[in-house]
Amino acid sequence: MKTKRILSAVLAVIMIMTVMTACGEAKPEYAYDDEAPSLCEAYADYFNIGAAINSWDLTDETTDRFKLINKHFNTFVMENETKPDQIHPKEDTYNFDATDKFVEFGEKYGKTLRGHTLVWHSQVPNWFFEDNGEQASADLLVERMKEHITTVVSRYKGKIDTWDVCNEVLDDSYGLRLSNWLKIIKDYDGDGDRYDFIEIAFRTAHEADPDARLIINDYSLESSTDKAITMYNMVKKMLEEGVPVDGVGLQMHVGIDMDVEKARENMKILARLKEINPDFVLEVTELDMSCYGWGNNDLNIDFKSIEKEFNAKYVELFNMLMDLSEEGVLDSVVFWGFNDGNTWLNGFPVEGRTNYPFLIDADLKFKSAFWKVIDLPEKR
Ligand code: G3I
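Each value, and the rule that gives it
Residues numbered from 1 in each chain as written. Predicted model: local features only at pLDDT ≥ 70, side-chain atom pairs only at ≥ 80, totals over all residues. Heavy atoms only, no water. Helix = DSSP H or I, 4+ residues; strand = E, 2+ residues; numbered from the N terminus. Expected span 1.5 Å × (residues − 1). Phe/Tyr/Trp six-rings, centres within 6.5 Å; stacked < 30°, edge-to-face > 60°. Buried < 20%, exposed > 50% of the residue type's maximum accessible area, 1.4 Å probe, protein only. Lys NZ or Arg CZ within 6 Å of the ring centre and 35° of its normal. Core = buried A, V, L, I, M, F, W, Y, C linked by side-chain atoms within 4.5 Å. Contact = heavy atoms within 4.5 Å. Salt bridge = Lys/Arg side-chain N within 4 Å of Asp/Glu carboxyl O.

Asker: Explanation requested: helix α9 (residues 225-240) in the structure shown.
Answerer: Residues that lie three or four places apart on an α-helix share one face, since the helix turns once every 3.6 residues. With 16 residues, α9 ought to run about 22 Å at 1.5 Å a step, and its terminal C-alpha atoms sit 22 Å apart, in line with that. Downstream of α9 by a residue or two, Gly-242 has a phi angle that is positive, lying close to 85°.

Structure follows, in structure tokens:
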């Protein structure tokens, strides 16, 4: 009799839940599994694991979105809101709101914070380079650059731990990119080299916060040995001249067809900068893995059809990154986003194309790659 009563109660609960789910009431906000072990804790012996976020990720601490990022990542960077066009749109206007909130969140939960970015050829307002309709002089641009860096870095002194001081200063033919910074500032001190804007940027950032880690960040360093060597040679010269560069950031916007062994070799080239500064580090700063191989412009691949290959490549990559951590050259791996629903790769390089580059899907569900990657440290 008692068993019968229990059975009917269970049946009733199941029926109510089915009806509620059908009405959309009992459905969780996302498919987020809050019992999954923490990704960053699993990697605690190797490196920090981070994510690029936007202010909307932080607006409500009760959401699954917030709980997920807070639990699984210990390092954060803003995807766009600390860039010059957002934080300093006009010469006399700074918008600190978004970065202030980001810093508040970081302090509250003890996160490592990255600032992206101080000097870049993109997402920088034109006013930096203009003077009454003419091109600004080198002196004026240097003055503006110093003012920008000093204001932003001092405001977050001791709070933003790491800065991407310069972003993407190399071009694709392995020289310095002909940005407005380079075109105008040129060889400012007349010593024969042309990376003066980089040098000034690092020295200014260091003055503003001597304890911040200062990074020079670029893409394709893992895939192009020529570019890695160009970066190595330039940073080596700067270190020998006493420029306070603390590390190289490898963005790592990679594809499912990436060559992990080549990436290892290129990272080892850059790691030789430790010979000049033993504290020199490498960071992975913008990791995402496109499901489409290089130059593959297929529209909307079925993720299931490449899932195994995707998982295997992530496993191979994380094993290599752990090797580098054991060799003492890498201590931070940051994803450029955290779930497939928000990635610059949705729409780039092919408009209207969906991509699936992360370990977490657009419904905040952990993909099979997440479970493969989170298991790796224990297996070593
Ligand atoms: O802020 C404007 C908004 O006012 C306007 O309504 C809207 C209309 O399109 O555009 C908004 O700006 C967009 C901005 O992201 C903020 O959402 C830009 O159009 C868009 O181009 C911009 O894209 C960003 C891109 O950098 C710019 O180059 C991506 O989100 C961001 O993921 C991407 O990040 C870069 C790293 O900083 C450097 N490394 C490469 C990486 C990927 O490109």
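There is more to say after this.
Asker: Sorry if this is basic, but what is going on with unusual backbone geometry here?
Answerer: Glycine aside, residues mostly have negative phi, and peptide bonds are mostly found in the trans state. Thr-117 follows His-116 through a cis peptide bond whose omega is 0°. Tracing the backbone through its elements, the reader meets Thr-117 in strand β3 (residues 112-119). Following Phe-348, the chain continues to Pro-349 via a peptide bond in cis, the omega torsion being 0°. With respect to the helices, strands and loops of the structure, Pro-349 is situated in the loop between β11 (330-335) and α12 (368-379).

Asker: Looking at this model, I keep getting lost on the packing of aromatic side chains. Mind explaining?
Answerer: How two aromatic rings sit relative to each other is given by the distance of their centres and the angle of their planes. Counted by the stated rule, this structure contains 28 aromatic pairs. Between Phe-128 and Phe-129 the ring centres are 6.2 Å apart and the planes differ by 45°, which places this aromatic pair in the tilted class. Residue Phe-128 is classed as buried on the basis of its relative accessible area of 1%. Sitting over the ring of Phe-96, Arg-155 keeps its end group 4.0 Å from the ring centre. It is Arg-353 that lies over the ring of Tyr-292; its NZ or CZ is 3.6 Å from the centre.

Asker: Can you walk me through the nonpolar core in this structure?
Answerer: In summary, soluble globular proteins display a tendency toward joint burial of nonpolar side chains. Counting residues in each nonpolar core, the largest one holds 117 residues, and the members touching the most others are Phe-73, Ile-198, Ile-216 and Phe-318. A per-element tally of this core places helix α11 (residues 303-326) first, with 11 residues. Leave out the neighbours within four places in its chain, and Ile-198 touches Cys-166, Val-169, Leu-176, Ile-216, Met-234 and Met-238.

Asker: Would you mind going over the pattern of salt bridges with me for this structure?
Answerer: Tallying each qualifying case throughout the model produces 21 salt bridges. With a shortest N-O distance of 2.8 Å, Glu-307 and Lys-304 are connected by a salt bridge. Of this pair, Glu-307 and Lys-304 both sit in helix α11, 3 residues apart, which is roughly one turn of the helix. Take Glu-307: its relative accessible area is 14%, and that puts it in the buried class. As a salt-bridge pair, Arg-380 and Asp-323 come within 2.6 Å of each other at their nearest N and O atoms. Within this pair, whereas Arg-380 is found in the segment after α12, its partner Asp-323 is found in helix α11, the two being separated by 57 residues in sequence. Relative accessible area serves as the criterion here: at 38%, Arg-380 is assigned to the partly exposed category. Connected through shared salt-bridge partners, Arg-114, Asp-164, Arg-213, Glu-283 and Asp-331 make up one network.

Asker: Explain the environment of His-206 to me, please; I cannot follow it from the model alone.
Answerer: Tracing the chain through its elements places His-206 in helix α8 (residues 196-208). Separated by 41 residues in sequence, His-206 and Val-165 place their C-alpha atoms 9.9 Å apart. For His-206, the contacting residues outside a window of four places in its chain are Leu-214 and Pro-244.

Asker: Sorry if this is basic, but what is going on with the side chain of Lys-313 here?
Answerer: Mapped onto the elements, Lys-313 comes out in helix α11. With a relative accessible area of 15%, Lys-313 lands in the buried category. For Lys-313, the residues in contact, after removing those within four places along its chain, are Ile-256, Asp-257, Met-258, Val-260 and Met-289.

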